Amino acid sequence: MDWLTYLSFGDAGWGDELLQGLGVTLALALTTLPVGLLLGLLVAALAMFGGRLARSLALAYSTTLRGLPELLTLFIIYHGVGMGLNSLLRWYDPQVGYFELSPFVAGVVALAMVFAAYSSEVWRGAWQALDGGQREAGQSMGLRRLTIFRVIELPQLLRLALPGLGNLWINLLKDTALVSVIALSDLMRVANIAVGTTKKPFLFFLVVCLAYWGVCLLCEFLLARMERRANRGYRSGGAAA
Amino acid sequence: MTNAALQVDGLYKSFAGIEVLKGISLTAERQDVISIIGSSGSGKSTLLRCMNLLEFPDSGRLKVNGEELELTPNSRGVRSRRFQRQIERVRSRLAMVFQSFNLWSHMTVLENVMLGPCLVLKRNRIDVEAQAKKLLARVGMLEKCQMYPDCLSGGQKQRVAIARALAMDPEVMLFDEPTSALDPELVGEVLKVIRELAEEGRTMIMVTHEMRFAREVSSKLVYLHQGRIEEQGCPEQLFNAPKSDNLRRLLASQY
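Residues numbered from 1 in each chain as written. Chains lettered and ligands numbered in written order. Predicted model: local features only at pLDDT ≥ 70, side-chain atom pairs only at ≥ 80, totals over all residues. Heavy atoms only, no water.

The UniProt entry for chain B carries this comment under Sequence similarities (unreviewed entry): "Belongs to the ABC transporter superfamily." In its Subcellular location (unreviewed entry) section, UniProt records this for chain B: "Cell inner membrane". (UniProt positions renumbered as here; feature names shortened; annotations may be inferred.)

As recorded in an unreviewed UniProt entry, chain A goes by Amino acid ABC transporter membrane protein 1, PAAT family and comes from Pseudomonas guineae. Recorded in UniProt under Sequence similarities (unreviewed entry), the annotation for chain A is "Belongs to the binding-protein-dependent transport system permease family. HisMQ subfamily."

And the structure:
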């Protein structure tokens, strides 16, 4: 068989499976992103403005999650939390059946927790770079705290955090490959199966390589555009004045 | 007396155990232009920031247009929703112009001026835009209304900040050293705008180092020294015959 047949769609080739795998990879990353961003922002807010307890919890969270290998976090969520949920369910109702934590949900939770830990530091840095006078100008006008956050602080935070967050997003795209070990059919796992069946590692890994690389290039292009848009009106890349 | 634009009574404020304001009482009647002078560290800016509660006074009374704020010590920590709303209402009546402009850097000049009226006063966008353009024309910034603050000079920024404050149609305007961050050649354009506001009868309280300007536009001068009002009165009297030795020294060094 020549390489086109291997990659063809239909029963003989792996083209449709690989495309589905890419779909799972992208779905996983895109679902993780908003969860991780919001959780990270929350952790950063607690670390900066919370009481003593909230501050130490936030610190413990980001230190722990950044200190663990991501694969371990994934195992803890997939196996540990699954088991915990089941014993909790059985304690509540012994007749209840076995509850299976879906690999997709486990993947999103684990990746989002890791993303939150890293992004909380990016948010925190951006918040510290934000000039307090911006907030005071809003306060002095009688704007509510939440409105100030929404219309004054958040847009500027996004501008300052964008380069760091973009970096994390590219990382996340590739970290999704980890979920292949918990039997989620993402791009990496499909490729592995294809290699196992066809014994053509170079072909399939090259295709996977090009797929990840292509997606990352596209993202970098989009991020550059977002950065240009966020920076309009600023003469230099310096902090908000 | 009851309907003074702004009334401060027995204001105390300390930072980390150091008393910065030691019982300040001050009344701004309608159309008053009050300049607060004093050497640095005398508490001028803190006093101004206490007036719109950017700093929370330790004790004292604050009355804006007849509405009194309950500044009890326990209102510092846990603030009730109602009290927070009252603070916001009072702040919306007292527009502030900052030394460092504090224009919102991600918004155009026009958006800066429109934000308060739209989101605080909840006024119709079309009316707000028309009024904002009128105010920008007044301070000579209309042709820059689509620019971002970072592209403006300091004097231009401060004129926009004044238009932004005016857009709230405030009871009292608070100026916190409005020309101290400007290059000398840009001070004039900002003072000209403030002078026009004074002449049209705006109630203003201004912290300033521009002695000559304070003397010309103020209806009342307040000299702050080490957290207390050491002397106050009409500008001529304070400049020509200061009773306080400290004030005499300050005037001699600057004027």
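Q: Can you break down the pattern of salt bridges residue by residue, with the values?
A: Residue and element names in this part refer to chain B. Counted under the stated rule, the structure contains 20 salt bridges over all chains. Residue Glu200 pairs with Arg202 through a salt bridge whose shortest N-O separation is 3.6 Å. Owing to a relative accessible area of 43%, Glu200 belongs among the partly exposed residues under this scheme. (Salt bridge = Lys/Arg side-chain N within 4 Å of Asp/Glu carboxyl O. Buried < 20%, exposed > 50% of the residue type's maximum accessible area, 1.4 Å probe, protein only.)

Q: Before we move on, could you go through the UniProt feature "transmembrane region" (unreviewed entry) in chain A and cite the residues and values that matter?
A: Residues and elements named next belong to chain A. UniProt's feature table lists "transmembrane region" (unreviewed entry) at residues 26–50, 98–118 and 202–223, given in the numbering used throughout. Segment residues 98–118 splits into 76% helix and 0% strand. End C-alpha atoms: 34 Å apart. Between the end C-alpha atoms of residues 202–223 there is a gap of 31 Å, over a span that is 100% helix and 0% strand. (Helix = DSSP H or I, 4+ residues; strand = E, 2+ residues; numbered from the N terminus.)

Q: Please provide a residue-by-residue account of a nonpolar patch on the surface, values included.
A: Residues and elements named next belong to chain A. Together, Val81, Leu85, Leu88, Leu89, Trp91, Tyr92, Val96 and Phe99 give the surface a local cluster of nonpolar side chains, amounting to about 830 Å² of exposed area. One can find Val81 in helix 4 (residues 70–92). What makes Val81 partly exposed here is its relative accessible area of 35%. (Patch = residues over 30% accessible without salt bridge, like charges linked within 9 Å, V, L, I, M, F, W, Y side chains within 5 Å. Areas by Shrake-Rupley, 256 points an atom, 1.4 Å probe, with all protein chains shown as cover.)

Q: Can you tell me about the packing of helix 2 (residues 15–49) of chain A against helix 5 (residues 103–129) of chain A, naming the residues and giving the values?
A: Residue and element names in this part refer to chain A. Here helix 2 crosses helix 5 at 45°, and the two axes come no closer than 5 Å. The angle between helix 2 and helix 5 places the two elements in the oblique class. Crossing geometry of helix 2 relative to helix 5 is assigned as right-handed. (Axes fitted to C-alpha atoms, helices over the stretch in contact; angles between N-to-C directions. Parallel < 35°, antiparallel > 145°, perpendicular 65-115°, else oblique. Left-handed = near helix turned anticlockwise from the far one by under 90°.)

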